[in-house]
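This is what each chain is made of:
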Amino acid sequence: MTPGPEHFLVLSAILFSLGTLGVLVRRDPLIMFMSIELMLNSVNLTFVTFSHYLSSADGQMFVFIIITVAAAEVVVGLALIVSIFQTRHAVDVDELDEMRG
Amino acid sequence: MNGVESVVFWIAAISAVVSGIGVVTARSAIYSALSLIVTLAQLAVLYLLLNAQFIAAAQILIYAGAVMVLFLFVITLLGVQDLGFMGQHLPGQRVLSVLFAGVLLLGVVFFVAQSPHAITGARAGFNAQLDRGNVEAFGSQLFTVFVFPFEATTLLLIVAMIGAVALGRRRGRQQS
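Parameters and conventions
Residues numbered from 1 in each chain as written. Chains lettered and ligands numbered in written order. Predicted model: local features only at pLDDT ≥ 70, side-chain atom pairs only at ≥ 80, totals over all residues. Helix = DSSP H or I, 4+ residues; strand = E, 2+ residues; numbered from the N terminus. Buried ≥ 20, exposed ≤ 12 C-beta atoms within 10 Å, placed from the backbone. Contact = placed C-beta atoms within 7 Å. Nonpolar A, V, L, I, M, F, W, Y, C, P; charged D, E, K, R; others polar. Expected span 1.5 Å × (residues − 1). Core = buried A, V, L, I, M, F, W, Y, C linked by C-beta atoms within 7 Å.

1. Describing the overall build of chain B
At step 1: A tally of regular secondary structure across chain B gives 7 helices and 0 strands.
At step 2: Ordered by position from the N terminus, the helices and strands of chain B form the series α-α-α-α-α-α-α.
At step 3: Here chain B, with 176 residues, has 25% of them falling under the buried criterion.

2. Some thoughts on the interface of chain B and chain A
At step 1: Taken together, the contact between chain B and chain A spans 71 residues of the former and 63 residues of the latter.
At step 2: Those elements giving two or more residues to the side of chain B that touches chain A turn out to be α1 (3-25), α2 (29-49), α3 (53-78), α4 (93-114), α5 (126-129), α6 (134-142) and α7 (147-175) of chain B.
At step 3: Sort the elements by how many residues they give to the side of chain B that touches chain A and α3 of chain B lands first, with 11 residues.
At step 4: Class assignment of the residues belonging to the side of chain B that touches chain A gives a composition of 53 nonpolar, 15 polar and 3 charged.

3. Here's the deal with α2 of chain B
At step 1: Relative to the 30 Å expected for 21 residues at 1.5 Å per residue, α2 of chain B spans 30 Å between its end C-alpha atoms, a close match to the ideal helical length.
At step 2: Directly beyond the C-terminal end of α2 of chain B, a positive phi value near 65 degrees is found at N51 of chain B.

4. Describing the nonpolar core
At step 1: Grouped together as the largest cluster of nonpolar side chains are 61 residues, with contacts concentrated most on L30, M34 and V48 of chain A together with Y47 and I55 of chain B.
At step 2: When contributions to this core are tallied by element, the ones reaching two or more residues are α1 (5-25), α2 (29-54) and α3 (58-88) of chain A together with α1, α2, α3 and α6 of chain B.
At step 3: Apart from the residues within four sequence positions on either side, Y47 of chain B is in contact with V48 of chain A together with A52, I55, A56 and Q59 of chain B.

Function cannot be read off these values alone, since they describe shape.
Quick look at the structure:
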């Protein structure tokens, strides 16, 4: 079966749902973070698909900027997780229910 | 797309979904990260199929090269912790999570299936430029039309760097 745009979009939807499931069901913040990365990447696939089939550069520009933003987000997020781990010595998101550091 | 590209698409798509399931269901964060690297590599293959060579290279370099190395570094720094396989704190969390994700998937697939001919009106602008090479077409767009987002991105990177340094420094001062 020759893949068309709808195949790419459905694949992207599957990956996004898997990322959502990971965020909802896991308790390890690192795995939740990786699920968020999976969701970002599935959206990137959608952008590149539309960029190709619409013959427009906008989608690829969006993806380029999203990749940069995701890298910045990973840096800050991992710094936060390491910072939390150093004070609590166990990282379980369900136990992180205090606002005080 | 010709026959070879179809075969490549199906191989990449199926392995992306399988390794995506691996990201969510892996017991240890290490296996989850390795599965995510496989998913990202398969997405790079799909970008190549879609004539986005620069994005594919950036995907491999930035995600598989930099971001995932940072993830693996933090995982090994913190030590592998076993929180139990999808343990639940809220009652019915697992069932509701699967339900919500399934509803989301069905909803998106429904709307994709509802509009099979929505992608029309191709402007034939960018793909025509691709004969000169994807990087050249990409760069000329990036530094003319998209200059402002590009500059905003540099500001964002500086803010992220300051944030990471501030988070690291505060901890060091408390220890000393």
